[in-house]
Amino acid sequence: MPKPVVGESARRRRRPTKSGVVLSEGLIVRTALRMLREHGPAGLTVRRLGLALGADPSTLYRYFRGVDDLTLAIGDLLIGRAMDGWRGGGDWRAGLRDLGLRIHAAYLEHPQAAVLTASRISGKAHEIAADEAILGLLRGAGFPDHEAVGVYHTFIDMTLAFAALDAASLALPAEAREADEEIWRATYARLPRATHPNIAAVAPLLVAHMNDSAYPAALEMLLDSAASRLTRPISRPAKPGQV
């Protein structure tokens, strides 16, 4: 049976570790994030984390229910870093653009952690604050509730999907990543026009752009689509039984 997670006030009364460090939830999460960056997911174990902190591994269960709970806290930390310094007041479109780019960048700064956490729902403080802020921007801009939820859903899923996709590429060994990137030049740019006329026609553009993230362009497309919903007559979902 797992041990109960101890409240923050009780944790603060614990003695320092053998290395003189006073444990906290934040310290554990930051240390785990660093270990992911340096050693990848396989390197994040309770035993190794305990060694890095100079603490008995079992002590970590006073703060987290297990590695999965810690993983969710890492994802929430990335969202928190994206939110830090963000000001959502004013134009809804500028606010969403800025937040989306911040979230994408925060995840790409830690690609190993992004691969683990981008698809998860933590229900933790920073995630909830981000969701509240996004919905507030959209509802404040005049989107009806069902439209606000639709735009929010598309925005956050697309942002995290691109974060996971782009992070997965960055998490590859350098040799593999460089080989993938070279395929556009070594293979696609050399396809003959006789057999592949469309690829051949745009080959220089493929070489120039396909190794860059498409997220900024996709984000603008989403914002354009969302803005068009504000200028058209409001349509509400049909009630059950209505045609």
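Residues numbered from 1 in each chain as written. Predicted model: local features only at pLDDT ≥ 70, side-chain atom pairs only at ≥ 80, totals over all residues. Heavy atoms only, no water.

Draft legend 1. Region of the structure containing the nonpolar core. Within the largest apolar cluster, 54 residues are counted, with the highest numbers of intra-cluster contacts made by Ile28, Ile74, Tyr107 and Leu138. Those elements giving two or more residues to this core turn out to be helix 2 (25-39), helix 3 (46-53), helix 4 (67-83), helix 5 (92-108), helix 6 (111-117), helix 7 (125-141), helix 8 (145-170) and helix 11 (215-230). Looking at which element gives the most residues to this core, the answer is helix 8, with ten residues. Both domain 1 (1-65) and domain 2 (81-231) contribute no fewer than three residues apiece to this core. When residues no more than four places from it in sequence are discounted, the contact partners of Ile28 are Leu23, Leu49, Leu53, Leu60, Tyr63, Phe64 and Leu70. (Core = buried A, V, L, I, M, F, W, Y, C linked by side-chain atoms within 4.5 Å. Buried < 20%, exposed > 50% of the residue type's maximum accessible area, 1.4 Å probe, protein only. Helix = DSSP H or I, 4+ residues; strand = E, 2+ residues; numbered from the N terminus. Domains from an automatic or database assignment. Contact = heavy atoms within 4.5 Å.)

Draft legend 2. Representation of the side chain of Thr31 in the model. Positionally, Thr31 belongs in helix 2. Since its relative accessible area comes to 7%, Thr31 is described here as buried. Not counting chain neighbours up to four residues away, the residues in contact with Thr31 comprise Leu49, Ala52 and Leu53.

Draft legend 3. How the structure looks around the packing of helix 2 against helix 3. Remark: helix 2 packs on helix 3, axes separated minimally by 10 Å, with the N-to-C direction vectors making an angle of 110°. Between helix 2 and helix 3, the angle falls in the class roughly perpendicular. Considering the relative orientation of helix 2 and helix 3, their crossing is right-handed. Residues Leu27, Ile28, Thr31, Ala32, Arg34 and Met35 of helix 2 lie in contact with helix 3, whose contacting residues are Arg48, Leu49, Ala52 and Leu53. Among the residues forming the contact of helix 2 with helix 3, the class breakdown is seven nonpolar, one polar and two charged. (Axes fitted to C-alpha atoms, helices over the stretch in contact; angles between N-to-C directions. Parallel < 35°, antiparallel > 145°, perpendicular 65-115°, else oblique. Left-handed = near helix turned anticlockwise from the far one by under 90°. Nonpolar A, V, L, I, M, F, W, Y, C, P; charged D, E, K, R; others polar.)

Draft legend 4. Structural view of empty space enclosed by the protein. The full count for this structure, using the stated rule, is one cavity of 30 Å³ or more. Volume-wise, the largest cavity comes out at about 70 Å³. Around the largest cavity, the lining residues are Ile28, Val46, Leu49, Leu60, Tyr61, Phe64, Gly66, Val67 and Leu70. Looking at the lining of the largest cavity, the elements with two or more residues in it are helix 3 and helix 4. Broken down by class, the residue content of the lining of the largest cavity amounts to eight nonpolar, one polar and no charged. (1 Å grid on protein atoms, 1.4 Å probe; cavity = no way out; pocket = protein on both sides within 12 Å on 5 of 7 lines; lining within 4 Å. Points joined across faces, edges and corners; volume = space filled by probe spheres on them.)

Draft legend 5. Inspection of the environment of Arg81 at higher detail. Counting through the fold element by element, Arg81 comes out in helix 4. In this structure the C-alpha to C-alpha distance between Arg81 and His126, which are 45 residues apart in sequence, comes to 8.8 Å. Apart from residues no more than four positions distant in its own chain, Arg81 is found in contact with Arg30, Leu33 and His110.

Draft legend 6. Geometry of the packing of aromatic side chains. In this structure the tally under the stated criterion is three aromatic pairs. Relative to Tyr215, the ring of Phe162 lies with its centre 5.7 Å away and its plane at 55°, an arrangement referred to as tilted. Highlighted residues: Phe162 in helix 8 and Tyr215 in helix 11, separated in sequence by 53 residues. The exposure class of Phe162 is buried, given its relative accessible area of 18%. By relative accessible area, which is 0% here, Tyr215 ends up buried. (Phe/Tyr/Trp six-rings, centres within 6.5 Å; stacked < 30°, edge-to-face > 60°.)

Draft legend 7. Fine view of the environment of Arg139. Its location among the elements puts Arg139 in helix 7. Of the polar contacts made by the side chain of Arg139, one reaches the side chain of Asp145; its length is 2.8 Å. (Polar contact = N/O pair within 3.5 Å; in protein donor to acceptor, adjacent residues only side chain to side chain.)

Draft legend 8. Expanded view of the UniProt feature "DNA-binding region" (unreviewed entry) in the protein chain. As annotated by UniProt and renumbered to match this structure, "DNA-binding region" (unreviewed entry) occupies residues 45-64. Across residues 45-64 one finds 40% helix and 0% strand; the C-alpha atoms that close the span lie 13 Å apart. (UniProt positions renumbered as here; feature names shortened; annotations may be inferred.)

Draft legend 9. Spatial organisation of the pattern of salt bridges. Scanning the model with the defined rule gives nine salt bridges in all. The salt bridge partner of Arg93 is Asp224, with a shortest N-O separation of 2.3 Å. Pair noted here: Arg93 is in helix 5 and Asp224 is in helix 11, with a separation of 131 residues, a long-range link. Taking the relative accessible area as the measure of exposure, Arg93 reaches 19% and is therefore buried. Residue Glu220 is joined to Arg97 by a salt bridge in which the shortest nitrogen-to-oxygen separation is 2.5 Å. (Salt bridge = Lys/Arg side-chain N within 4 Å of Asp/Glu carboxyl O.)

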